[in-house]
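Fold and contact review
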Amino acid sequence: MLDELKSANEYIIGKIKEGNPVILEMEAFAEEHNVPIVTKEVAKYLEFMVDINETTNILEVGTAIGYSGTLMLNACEKYGGRLTTLEIDEERYKQAKENFERAGVSERVTQILGDATEEIEKLDEKYDFIFIDASKGQYRKFFDDSYKLLADGGMVFIDNIMFRGYLYKEYPKRFKTIVRKLDEFIDYLYAEHPRFTLMPFGDGVGLLRREKS
Ligand SMILES: C[S@@+](CC[C@H](N)C(=O)[O-])C[C@H]1O[C@@H](n2cnc3c(N)ncnc32)[C@H](O)[C@@H]1O
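For the protein, the name recorded in an unreviewed UniProt entry is tRNA 5-hydroxyuridine methyltransferase, with Propionigenium maris DSM 9537 as its organism. According to the UniProt record, the Subunit (unreviewed entry) comment for the protein is "Homodimer." Recorded under Catalytic activity (unreviewed entry), the UniProt text for the protein is reproduced unchanged: "5-hydroxyuridine(34) in tRNA + S-adenosyl-L-methionine = 5-methoxyuridine(34) in tRNA + S-adenosyl-L-homocysteine + H(+)".

Here it is, written out as structure tokens:
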């Protein structure tokens, strides 16, 4: 979470009361097992964007245990929305499968187990919403590969793009390459995509809309 917005984010998180027991269980599991799931204030924003976009087909890079996937599927249920989601870790893939079943959304999910740097290229559907939330060092590759699949008027939502605030403040040396790559990625998005915007909340959210042709 970006330091200067920490208290605002904490205030918002304190206001959000989740009532869905399956979602609550996933949150508790993630906390207990250190699974990095989308933070609550970003999750609300994600649901909002999926809904107002009247989303029908989502591509997610980074399933983890199916938390954000379930939230997005609930948000687009009224549009008959579907989700294709990619995860490299087999244990998480299996946990997500169980969670999608328990949440009653599994019929609308296609799970892919594998490295998204290879798997996205194999897809040939069009998606009207793409959520990028996996290894930050590969964000540019995930973006380039998935943007080819983005429908006109579709949206890309990129989480953690400002990487704990390390893009503009001192960071541990081991993150040098990731910080440089994310910084260059943001420059590229602003330069090449007129409908890109950067939101400084959560861990930094990048949003982009593809022009309707
Ligand atoms: C931040 S977590 C995703 C959280 C999830 N979107 C949520 O909010 O519920 C990132 C996930 O991406 C997966 N991942 C990392 N690199 C990947 C890659 N190259 N291909 C597919 N999945 C990857 C990790 O194993 C991890 O489970």
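Okay, back to it.
Here we take up the pairing of strand 4 (residues 127-132). Extensive coverage of strand 4 is indicated by the burial of six of its six residues. Relative to strand 4, strand 1 (residues 57-61) runs parallel, the two being bridged by four bridges. Bridge pairing in strand 4 places Glu60 opposite Phe131. Here five bridges tie strand 4 to strand 5 (residues 150-159), and the two strands are oriented parallel to one another. Of the residues in strand 5, the one forming a bridge with Phe129 is Met155. Traced from strand 4 through helix 7 (residues 139-147) to strand 5, the parallel crossover comes out right-handed.

Reading the values: rules and limits
- Residues numbered from 1 in each chain as written.
- Predicted model: local features only at pLDDT ≥ 70, side-chain atom pairs only at ≥ 80, totals over all residues.
- Heavy atoms only, no water.
- UniProt positions renumbered as here; feature names shortened; annotations may be inferred.
- Buried < 20%, exposed > 50% of the residue type's maximum accessible area, 1.4 Å probe, protein only.
- Helix = DSSP H or I, 4+ residues; strand = E, 2+ residues; numbered from the N terminus.
- Pairing = 2+ DSSP bridges.
- Right-handed = clockwise from strand over helix to strand, strands pointing away.

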